[in-house]
Structures are given as structure tokens and as C-alpha cells.
Amino acid sequence: MIKIYHNPRCSKSREGLQILEESGKDFLIVKYLDIPMKKEEIKKVLELLDISAEELVRKNEKIWKENYKGKELSEDEIITAMHENPKLIERPIVVNDDKAVIGRPPEKIKDLI
């Protein structure tokens, strides 16, 4: 099943959702700001994306700049930061079985579905 980690307030996330809707395929919407991802879920997404935790962080977010920027953080510390502050997670993320993509630009989602 295709899953989109979605933030309705984000234009790129809305564009990604539209791509999925137009595909006609079944998918699940996860509003990760309402129900934060578990740490294990973040780790699984990172594994599927084949990136480090820091590469999934939105570094322009105020939370990052005020609390984490410039600090030496381990993978686990960054994952904990994203779990505790879901706004830090880049979006949208689309997962399709054993593959995932960050929908920036949203057209990348088409390669996954």
C-alpha cells in the first residue's frame, strides 16, 4: 500500500497528494503532525530513502535553528528531535512497499507509483 506522510498546510505536500489522487491508486494519508511518527517508523523511512537523519531535517525551521543548529548530534538524537518536533521532517514523504521518496519536487512521486 502506498503511504504519504502529509502536511495539509504545505504546498508541496498538497501537490504530492494531488499526484497520488490522480494516479487512481489506493493510498493511505498519514498526517504526521497530528500523530507523530514513532522513532522506529522514522528509522524505517530513513532506511528506505537511504539517507541520514540530518538529510530529512528541515533546517530552516525555527525549532531547528534555536535548539539544534551547530550542535554535534548523533543519528538517534536527530531522530528523537524529529519524533518530538514533527515539523522538522521534510515533506511529503511517499512510501510504496520497499521504496520511498521525498516529494521535492512533487514530480519525484510519479517515479515511485
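Just above sits the structure.
Residues numbered from 1 in each chain as written. Predicted model: local features only at pLDDT ≥ 70, side-chain atom pairs only at ≥ 80, totals over all residues. Heavy atoms only, no water.

Comments concerning the nonpolar core
So, step 1. Counting residues in hydrophobic clusters, the biggest one holds 24 residues, and the most contacted among them are Tyr5, Leu56, Met82, Ile89 and Ile93.
So, step 2. Where this core is concerned, the elements lending two or more residues are α2 (39-49), α4 (75-84), β3 (93-96) and β4 (99-102).
So, step 3. Of the residues forming this core, the biggest block, 5 residues, is contributed by α2.
So, step 4. By size, the runner-up hydrophobic cluster in this structure holds 9 residues, among which are Ile2, Leu17, Val101 and Ile109. (Core = buried A, V, L, I, M, F, W, Y, C linked by side-chain atoms within 4.5 Å. Buried < 20%, exposed > 50% of the residue type's maximum accessible area, 1.4 Å probe, protein only. Helix = DSSP H or I, 4+ residues; strand = E, 2+ residues; numbered from the N terminus.)

Observations concerning the pairing of strand β2 (residues 27-30)
So, step 1. As paired elements, strand β1 (residues 2-5) and β2 share 4 bridges and run parallel to each other. Considered in β2, the bridge of Lys3 is made with Leu28.
So, step 2. Regarding topology, helix α1 (residues 11-23) serves as the crossover connection from β1 to the parallel β2, and that connection is right-handed. (Pairing = 2+ DSSP bridges. Right-handed = clockwise from strand over helix to strand, strands pointing away.)

As for the pairing of β1
So, step 1. Pairing of β1 with β3 involves 4 bridges; the strand directions are antiparallel. Each bridged residue has a counterpart across the sheet, and for Tyr5 the counterpart in β3 is Ile93.

Overview of the side chain of Ser13
So, step 1. Within the fold, Ser13 resides in helix α1.
So, step 2. Looking at Ser13, its side chain comes within polar contact range of the side chain of His6, at 2.7 Å.
So, step 3. Ignoring anything within four residues of it in the chain, the contact list for Ser13 reads Ile4, Tyr5, His6, Asn7 and Pro92. (Polar contact = N/O pair within 3.5 Å; in protein donor to acceptor, adjacent residues only side chain to side chain. Contact = heavy atoms within 4.5 Å.)

As for the pattern of salt bridges
Side-chain pairs of opposite charge can arise where the charged atoms are in close proximity.
So, step 1. Within the structure shown, the criterion is met by 7 salt bridges.
So, step 2. Between Lys43 and Glu40 there is a salt bridge, and its shortest N-O distance comes to 3.6 Å. Placement of the pair is Lys43 and Glu40 together in helix α2, with a separation of 3 residues, close to one helical turn.
So, step 3. Of the residues examined, Glu40 reaches a relative accessible area of 56% and is grouped as exposed.
So, step 4. Across the pair Lys62 and Glu66 runs a salt bridge whose closest N-O atoms are separated by 3.9 Å. With a gap of 4 residues between them, Lys62 and Glu66 both fall in helix α3 (residues 62-67), about one helical turn apart.
So, step 5. For Lys62, a relative accessible area of 56% corresponds to the exposed category. (Salt bridge = Lys/Arg side-chain N within 4 Å of Asp/Glu carboxyl O.)

A look at the sheet that holds β1
So, step 1. An order of β2-β1-β3-β4 is seen for the 4 strands of this open sheet, with the pairing classed as mixed. In the strand order of this sheet, the two ends are held by β2 and β4, each with one partner. Geometrically, the sheet is characterised by an average inter-axis angle of 15° between neighbouring strands, direction not taken into account.
So, step 2. Those strands touched by α1 are β1, β2 and β3, and its axis lies near 165° from that of β1.
So, step 3. Docked against the sheet, α2 engages β1, β3 and β4, running at close to 90° with respect to β4. (Axes fitted to C-alpha atoms, helices over the stretch in contact; angles between N-to-C directions.)

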